[in-house]
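Residue-level listing of the chains:
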Amino acid sequence: MTGGPPDEAALRALVEGLGAARDAATAIAGRPPLGVRAVESAHGRRSYLCAFEGPSFLCLDAGLAAARDPRQVREAAAASLLWEQLESLIDSASLRDLAGAIGRLLARGGDPPEVAETLEVVAARALELARWRDDPARALASVPELDRATALQERLVGAYRRFLRASEPLVEVQDRLDEGLVEALGDVERSAAPAAALPEGEDGADQMVRAHITRLAG
């Protein structure tokens, strides 16, 4: 989602869907859920995962009926768990801190052009990923968007690796570099979050299936 009336309509529909799912879950379980997560396991395939004290769970299909197929529940649970862990891995504040550290380094001047160019790309990639993370549409745990997040993360990691290669000659002469420049380079390195693989959500999904409030088929 990139802004404009269609996106606003989609966000309104998402918010309204979450409210309707909460009401439906309350009616089915006899008590309100602690939280509701909209899940899109594939384009156009929406479900809602509702968490209750216990912990126990309830998966609603797109029509807000309790899911019967344990495969559907497991699919929604796995997607939700992966999304939660993705949210913890991609921190927009840290990404913006990295871009800020690069900006301060470039503002000093004195970097070889090839190093400065690679840093500019790193900053652009970091801000690109931060914008993705801050998009209100991230309230939807969308499996298709996991591919987008992975691609953006890989672009950032690739850009940072190119910076490291370009800056290798500076390491060899760092004892002769300006102290402020060395400190600014160190700030960039400290602000760069390491690449992290998306964790698996399989075990937690099985637990959610076993703790489902309504009876599942099979």
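You'll find the structure just up there.
As a starting point, this report considers the structure included with it. Predicted model only: the values in this text are computed from it and were never measured.

1. What about the environment of A29?
Residue placement: A29 occurs in helix α1 (residues 5–29). Given a relative accessible area of 19%, A29 falls into the buried group. Between the C-alpha atoms of A29 and A66, which are 37 residues apart in sequence, the distance is 10.0 Å.

2. So, unusual backbone geometry
The peptide bond linking G54 to P55 adopts the cis configuration, its omega dihedral lying at 0°. Looking at the secondary structure, you find P55 in the loop between β2 (45–52) and β3 (56–60).

3. Considering the state of the cysteines
For the structure shown, the criterion picks out 0 disulfides. The thiol sulfur of C50 is not disulfide-bonded, and the nearest other cysteine sulfur, from C59, lies at 7.9 Å.

4. Overview of the packing of aromatic side chains
Summed over the entire model, instances satisfying the criterion amount to 2 aromatic pairs. Judged by centre distance (5.9 Å) and plane angle (55°), the ring pair of W83 and W132 falls under tilted. Taken as a pair, W83 in helix α2 (residues 70–89) and W132 in helix α4 (residues 113–134) lie far apart in primary sequence, 49 residues in all. Judged on exposure class, the residue W83 and its partner W132 are both buried. Ring geometry for Y160 against F163: centres 5.6 Å apart, planes inclined by 50°, an arrangement best described as tilted. Taken together, the residues span about one helical turn, with Y160 and F163 both in helix α5 (residues 143–172) at a distance of 3 residues. Pair check on accessibility: Y160 and F163 agree, each one buried.

5. Points about the packing of helix α3 (residues 92–108) against α4
Close contact between α3 and α4 brings their axes to 8 Å; oriented N to C, the two are set at 155°. Taken as axis vectors, α3 and α4 run roughly antiparallel relative to one another. Read as a crossing pair, α3 and α4 show a hand that is left-handed. Contacts between α3 and α4 involve S92, L95, R96, L98, A99, I102, L105 and L106 on the former and, on the latter, A116, L119, E120, V122, A123, A126, L127, L129, A130, R131, R133 and D134.

6. A closer look at helix α6 (residues 179–191)
For α6, spanning 13 residues, the distance from its first C-alpha to its last is 18 Å, which sits close to the expected 18 Å at 1.5 Å a residue. All of the buried residues in α6 are L181, A184, L185, G186 and V188.

7. Describing the packing of α3 against α6
The contact between α3 and α6 brings their axes to 8 Å, and the two run at 165°. One finds that α3 runs roughly antiparallel with respect to α6. Of the two possible hands of crossing, α3 and α6 adopt the one that is left-handed. For the pair formed by α3 and α6, the contact residues are S94, D97, L98, A101, I102, L105 and R108 on the first element and G180, L181, A184, L185, D187, V188 and S191 on the second. Here the contact of α3 with α6 is composed, by residue class, of 8 nonpolar, 3 polar and 3 charged.

8. Observations concerning the sheet that holds strand β1 (residues 35–42)
Spatial ordering of the open sheet is given by β3-β2-β1-β4, a layout of 4 strands whose pairing is mixed. For this open sheet the edge positions go to β3 and β4 (140–142), each flanked by a neighbour on one side alone. The average undirected angle you get between the axes of adjacent strands in this sheet is 25°.

9. Quick notes on the nonpolar core
In this structure, L98, V122, W132, F163 and V188 are the most contacted members of the largest nonpolar core, which totals 40 residues. Looking at this core, the elements that each hand over two or more residues are α2, α3, α4, α5 and α6. A25, A29, C50 and L60 belong to the second largest nonpolar core, which has 12 residues in total.

Analysis parameters
- Residues numbered from 1 in each chain as written.
- Predicted model: local features only at pLDDT ≥ 70, side-chain atom pairs only at ≥ 80, totals over all residues.
- Heavy atoms only, no water.
- Helix = DSSP H or I, 4+ residues; strand = E, 2+ residues; numbered from the N terminus.
- Buried < 20%, exposed > 50% of the residue type's maximum accessible area, 1.4 Å probe, protein only.
- Disulfide = S-S within 2.5 Å.
- Phe/Tyr/Trp six-rings, centres within 6.5 Å; stacked < 30°, edge-to-face > 60°.
- Axes fitted to C-alpha atoms, helices over the stretch in contact; angles between N-to-C directions.
- Parallel < 35°, antiparallel > 145°, perpendicular 65-115°, else oblique.
- Left-handed = near helix turned anticlockwise from the far one by under 90°.
- Contact = heavy atoms within 4.5 Å.
- Expected span 1.5 Å × (residues − 1).
- Nonpolar A, V, L, I, M, F, W, Y, C, P; charged D, E, K, R; others polar.
- Pairing = 2+ DSSP bridges.
- Core = buried A, V, L, I, M, F, W, Y, C linked by side-chain atoms within 4.5 Å.

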